[in-house]
Amino acid sequence: MDLMRSVIAGHPEEVYSLLKFKLGGCGTVQTKCHYDQMCPSMRTCYQYLNQTSRSFAAVTQALDGDLRYAVCIFYLVLRALDTVEDDMTIPLATKLDMLHNFYTYLQDPGWRFMESNEKDKKVLEDFPTISQEFRKLKPLYQEVISDICRRMGAGMAEFVQREDVDTLEEWNKYCHYVAGLVGIGLSRLFSGSEFEDAIVGEDTELANSMGLFLQKTNIIRDYLEDQVDGREFWPKQVWSKHAKKLSDFRQPDMSQNALWCLNELVSNALLHVPDVLKYMSRLRNQSVFNFCAIPQVMAIGTLARCYNNIKVFRGVVKIRKGEAVKMMIHATNMENFKDIMRPFCEEIANKMSPHDPSYSLTMETVETIRQLTTTSHSLTVQSTLTPLHVSCALVVAAITWQYWTQIHWIYEHYIEWK
Ligand code: IN0
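The rules behind these values
- Residues numbered from 1 in each chain as written.
- Predicted model: local features only at pLDDT ≥ 70, side-chain atom pairs only at ≥ 80, totals over all residues.
- Heavy atoms only, no water.
- Salt bridge = Lys/Arg side-chain N within 4 Å of Asp/Glu carboxyl O.
- Helix = DSSP H or I, 4+ residues; strand = E, 2+ residues; numbered from the N terminus.
- Buried < 20%, exposed > 50% of the residue type's maximum accessible area, 1.4 Å probe, protein only.
- Near = heavy atom within 4 Å.
- Polar contact = N/O pair within 3.5 Å; in protein donor to acceptor, adjacent residues only side chain to side chain.
- Areas by Shrake-Rupley, 256 points an atom, 1.4 Å probe, with all protein chains shown as cover.
- Nonpolar A, V, L, I, M, F, W, Y, C, P; charged D, E, K, R; others polar.
- Contact = heavy atoms within 4.5 Å.
- Phe/Tyr/Trp six-rings, centres within 6.5 Å; stacked < 30°, edge-to-face > 60°.
- Lys NZ or Arg CZ within 6 Å of the ring centre and 35° of its normal.
- pLDDT = per-residue confidence, 0-100.

A.B. asks: Mind laying out the pattern of salt bridges, listing which residues take part and the relevant values?
C.D. replies: Here the structure, examined in full by the defined rule, presents 21 salt bridges. A salt bridge links lysine 173 to glutamate 158, with the nearest nitrogen and oxygen atoms 2.9 Å apart. Placement of the pair is lysine 173 in helix H10 (residues 168-192) and glutamate 158 in helix H9 (residues 139-160), with a sequence separation of 15 residues. The residue arginine 282 makes a salt bridge to aspartate 203 at a minimum N-O spacing of 2.8 Å. Residue arginine 282 is located in helix H16 (residues 273-282), and its partner aspartate 203 is located in the loop between helix H11 (198-202) and helix H12 (204-221); the two are separated by 79 residues in the primary sequence. A residue is classified by how much of its surface remains accessible, and aspartate 203, at 19% relative accessible area, is buried. One network of salt bridges, with partners in common, ties together Asp147, Arg150, Arg151 and Arg188.

A.B. asks: Tell me about the site of the ligand, and name the residues and values.
C.D. replies: Close contacts around the ligand come from 19 residues, with Ser53, Ser55, Gly183, Gln215 and Phe291 the closest. One of the backbone nitrogen or oxygen atoms of phenylalanine 56 is found 3.4 Å away from an oxygen atom of the ligand. The contact in question runs from an oxygen atom of the ligand to an N or O atom on the side chain of arginine 221, over 3.3 Å. For the ligand, the accessible surface in isolation is 770 Å², of which the surrounding protein chains cover 77%. Secondary structure elements with two or more residues in the shell around the ligand: helix H4 (54-61), helix H5 (67-86), H10, H12 and helix H17 (286-306). Counted by class, the shell around the ligand contains 13 nonpolar, five polar and one charged residues.

A.B. asks: An account of the environment of lysine 241 is needed here, citing residue identities and associated values.
C.D. replies: In this structure, lysine 241 sits in the loop between helix H14 (236-239) and helix H15 (255-270). Given a relative accessible area of 55%, lysine 241 falls into the exposed group. Separated by 20 residues in sequence, lysine 241 and cysteine 261 have C-alpha atoms that sit 7.9 Å apart. A polar contact of 2.7 Å, which involves the side chain of lysine 241, links it to the side chain of glutamate 264.

A.B. asks: Tell me about H4, and name the residues and values.
C.D. replies: What H4 keeps buried is the set Ala57, Ala58, Val59, Thr60 and Gln61. Where H4 is buried, its residues touch helix H3 (40-52), H5 and H17.

A.B. asks: So what about unusual backbone geometry? Which residues, and what values?
C.D. replies: Despite not being glycine, glutamate 194 has its phi angle at roughly 70°, a positive value. Overall, glutamate 194 belongs to the exposed group, its relative accessible area being 71%. Unusually for a residue other than glycine, asparagine 308 sits at a positive phi of about 55°. Along the polypeptide, asparagine 308 turns up in the loop between H17 and helix H18 (321-330). Relative accessible area serves as the criterion here: at 32%, asparagine 308 is assigned to the partly exposed category.

A.B. asks: How would you explain the packing of aromatic side chains if you had to name every residue and give the values?
C.D. replies: Counted under the stated rule, the structure contains 18 aromatic pairs. Between the aromatic rings of phenylalanine 159 and tyrosine 177, the centroid separation amounts to 6.1 Å while the plane-to-plane angle is 65°, which identifies the pairing as edge-to-face. Placement of the pair is phenylalanine 159 in helix H9 and tyrosine 177 in helix H10, with a sequence separation of 18 residues. Residues phenylalanine 159 and tyrosine 177 agree in their burial class; the two are buried. Both rings, one in tryptophan 234 and one in phenylalanine 313, keep their centres 5.8 Å apart while their planes meet at 75°; by these two values the pair is edge-to-face. Of this pair, tryptophan 234 sits in the loop between helix H13 (223-228) and H14 while phenylalanine 313 sits in the loop between H17 and H18, and the two are 79 residues apart along the sequence. Assigned by exposure class, tryptophan 234 and phenylalanine 313 land together as buried. An aromatic cluster is built from Phe56, Tyr75, Phe190 and Phe291, whose rings are joined through pairwise contacts. In this arrangement the basic side chain of arginine 68 is found over the ring face of tyrosine 69, its NZ or CZ atom lying 5.9 Å from the centre.

A.B. asks: Break down the confidence of the model for the chain for me, with residues and values.
C.D. replies: Of all residues in the chain, 82% have pLDDT values of 70 or greater, and the mean over the chain is 88. Across residues 381-385, confidence stays below pLDDT 50; counting only partners more than four residues off in sequence or on other chains, it has two contacts. In this model, residues 406-418 is a region of pLDDT below 50 whose contacts with residues beyond four sequence positions or in other chains number nine contacts.

Structural data, given as structure tokens:
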């Protein structure tokens, strides 16, 4: 299905990336974990990580040394905290108490929460397994994770009592709590592992931008899903210029207003790209680079797809699997990272209209990103295949795909946790 989607969309070169990825030839996300050598509780943690996010789990498990355990536990602990924040069935007073005290539960071997109705409730129900592994991490990692949980829990408590997000300043603040702090924590883990220089952990501004760029992209993309669930994360300062209520953007006669608001928010998110590029250029360790690069290239791809796209208000906007895999495989060094970013920036530039109220701000940012991402080579020149070559390759690909799908099914059901 993914193969066909890439071909239909006029991107047969993605077929090669999809096959390479599916056949396991992708070093970026190849796991270095040996489950058989792990204690049962750590194995369970990896199981939870794999259940919550497959592609993120793969790059996490490819991290070097003890960093992979620290990041896995950090992710699960954050998932648990996030699950508390999201659960609308928890009474407000209980929720506030839990958010403020969450970091103390890391030291309590018996703490668990059995009353959640959320899809990831397992991480709360089996929190003792996660906290047990947390307490085995080296003290420096424990301090970082605990500190981030304390600050994030307090920040979430502040926002849980509000209906919506008012100003752009507040939008930045909310995104700082739920994602910027993740960037700050991860960066301190990277430096603490000594795989990265101290400056990576010390420069909290850049680390914060890494998280803000991801979170703003999620918020922009998830407009409809959040509306359906009764949540609003788009900042009022921006949407109130174009509508009386945020939900108005769902009306067909509000399309132009909806797009102007959307474009202004995309433009705001793009402001973080220069910081993202600077942060990425400081990374020295290959596994850390891959881990950080993948979500960022997915985000710029998603933003480019969302820009001026009415489908944001009608359904789900996603990048093709083939495109995502191609990016995952290539995002392994700074030159390639820029080569992936730049065409998305051009995709936005091509969709811009001078009638758009945020045109000049977007143009300015796009121009800055253009300058920062200009490199000596480009991904597009790599494709020198003739149409005949491509057609033959597609036939071979389709046959291999069928064969592989069957083999992989057997593999996944038999071998995974043995
Ligand atoms: C993340 C981030 C993440 C990874 C690498 C470096 C980062 C630096 C700063 C901030 C966050 C960083 O990545 C994940 C990616 C992810 O989960 N992707 C999903 C797809 C999706 O659309 O949700 C997948 O299934 O692969 C991420 O989104 N967040 C996250 C959470 C914890 C950690 Cl340790 C790292 C969530 C968020 C809110 C953006 C911070």
